[in-house]
Amino acid sequence: MANDLFATPEHESFRRTARQFVEQELRPRAREFDAMGRIDKSLYKRMGELGFLGLRYDSRWGGSGLDWTFTAVLFEELGRCDNAGVTMGISVQTDMATPSLHRFGSDALREQYLAPAIRGEQVTAIAVTEPGAGSDVAGIKTRAVRDGDDWVINGSKIYITNAATADWLCLLAVTDPSAGYGGFSQIIVPTDAPGFRYELLDKIGNWGSDTGQLYFEDVRVPVANTIGEIGRGFQQQMAQFQDERLIACVSTTAGSLHLWEETRKWAEQRVLFGKPLAKMQVTQFKFVEMLTQITAARELYYACIRQVIAGEDATQLISMAKLFCGRTSRMVADHCIQLYGGYGYMKESPAGRAFVDSRLVSIGGGSDETMIHYLAKQLGF
Ligand SMILES: Cc1cc2nc3c(=O)[nH]c(=O)nc-3n(C[C@H](O)[C@H](O)[C@H](O)COP(=O)(O)OP(=O)(O)OC[C@H]3O[C@@H](n4cnc5c(N)ncnc54)[C@H](O)[C@@H]3O)c2cc1C
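Now for a look at the structure at hand. None of these values were measured; they are calculated from a predicted model.

## Quick notes on helix α8 (residues 107-119)
- With 13 residues, α8 ought to run about 18 Å at 1.5 Å a step, and its terminal C-alpha atoms sit 17 Å apart, in line with that.
- Where α8 bends most, the angle comes to about 30°, and this point is tyrosine 113, followed within four residues by the proline proline 116.
- Among all positions of α8, only Leu109, Arg110, Tyr113, Leu114, Ala115, Pro116, Ala117 and Ile118 are buried.
- Note on α8: the residue one or two positions beyond its end, glycine 120, has a positive phi of about 80°.

Shown next as structure tokens:
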């Protein structure tokens, strides 16, 4: 069992604080964020005050210096907020757009961009996917050309979470088209830079955070905004994807467990043919099957976290977990929407929301096929 790593008194105390925040401050605003189509920036500020936005980061930049288990506890609780879009937007800030900066950025960059993100004063986005290249990351075309001490950036990114709310982007751009995998760099782009604009996109789910297309027309940023070494952007982004995928596993599996619990309550109250739905054996079998899958998904991401904490390369296990957790969440949402019947098809029903929200997990942050493609190569096929 995972208790040794995840259930110390410190974890329990932290979980209580996170749960209280979700119950009292986040869930009551979940529908407000849906209506806005984005997370209100005050939420980041509040989470920064509570120390939630830099759990693994160095105290020099305002972080808490904790290990991945605390990140998991936070997102197990955030995953229960009934708004997957909000959880995703927050995870972009904590685990998708900032890990590279923390790991490879200069002190000056970390002071200027990481510290305010940890305080919740600035919102971040990760800009990798383009209209012509998603799974094939090396196929991106957004170009940063050096002009003296500046990069001049031209191109476009698509499906970018926090597009409208971000104060800065962690951008992956081509800096040397002749250098193959050594020709990409990660560059911080402030969204108030002249030549930058965005357009919002209309999604079928994840309504609580914004997603957009970004345009760069002769956007100038200092070369000093490069995260880490020029030319190492592809490799750094591949490393950053591991945090992104692991956090997706945690929050989506937590969301599935929450949905399972809510659906069980529903099935215990909903009476048909003279007895509660939950008393029908076929229903009980469904619940048991779902919980078995959810438990397996959770054990899989626990195993990933153990490897990460041990300093081992967890890429293979994280890829398997991303594949399995995504599929589990889709399966659970599908069974739950069925158990709710007509109400499940209503937008306000937790199962209806989960049905569209969970579909993203097998697409975003590396699709199921991307995970399988990588694993097949690793296994020598
Ligand atoms: C709501 C939302 C939020 C997002 N947020 C962000 C964000 O913040 N930042 C960001 O950079 N991106 C973001 N994305 C983009 C997401 O990561 C990409 O959509 C994803 O990587 C897939 O890329 P693609 O859409 O270009 O599809 P494609 O790469 O064109 O894939 C098309 C199909 O081919 C499949 N495929 C892939 N590889 C193989 C293979 N080897 N063999 C056979 N089939 C294969 C894919 O799985 C898919 O089914 C977001 C997407 C969505 C929908």
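## Quick look at the site of the ligand
- Residues in close proximity to the ligand total 16 residues, the closest being Thr129, Ser135, Tyr159, Ser367 and Glu369.
- One of the backbone nitrogen or oxygen atoms of glycine 134 is found 3.3 Å away from an oxygen atom of the ligand.
- In this structure, serine 367 approaches the ligand through a side-chain N or O atom, which is 2.6 Å from an oxygen atom.
- For the ligand, whose accessible area on its own is 980 Å², the fraction buried by protein is 63%.

## A short note on the pairing of strand β3 (residues 150-161)
- With five bridges connecting them, strand β2 (residues 143-147) and β3 associate as antiparallel partners. Across the sheet, the residue bridging to arginine 146 is tryptophan 151, located in β3.
- Turn length for the β2-β3 hairpin, with the two strands adjacent in sequence and antiparallel, is two residues, and the turn residue glycine 148 shows positive phi of about 65°.

## Focus on the pattern of salt bridges
- All chains considered together, the criterion is met by 27 salt bridges.
- A salt bridge links arginine 19 to glutamate 77; the nearest nitrogen and oxygen atoms lie 2.7 Å apart. Here arginine 19 is found in helix α2 (residues 9-26), whereas its partner glutamate 77 is found in helix α5 (residues 68-78), with 58 residues between them in sequence.
- For arginine 19, a relative accessible area of 36% puts it in the partly exposed group.
- Residue glutamate 77 is classed as buried on the basis of its relative accessible area of 2%.

So, how was this worked out
Residues numbered from 1 in each chain as written. Predicted model: local features only at pLDDT ≥ 70, side-chain atom pairs only at ≥ 80, totals over all residues. Heavy atoms only, no water. Helix = DSSP H or I, 4+ residues; strand = E, 2+ residues; numbered from the N terminus. Expected span 1.5 Å × (residues − 1). Bend = angle between axes of the 7 residues up to and from the residue. Buried < 20%, exposed > 50% of the residue type's maximum accessible area, 1.4 Å probe, protein only. Near = heavy atom within 4 Å. Polar contact = N/O pair within 3.5 Å; in protein donor to acceptor, adjacent residues only side chain to side chain. Areas by Shrake-Rupley, 256 points an atom, 1.4 Å probe, with all protein chains shown as cover. Pairing = 2+ DSSP bridges. Salt bridge = Lys/Arg side-chain N within 4 Å of Asp/Glu carboxyl O.

Such coordinate-based values are descriptive only and should not be taken to indicate function.
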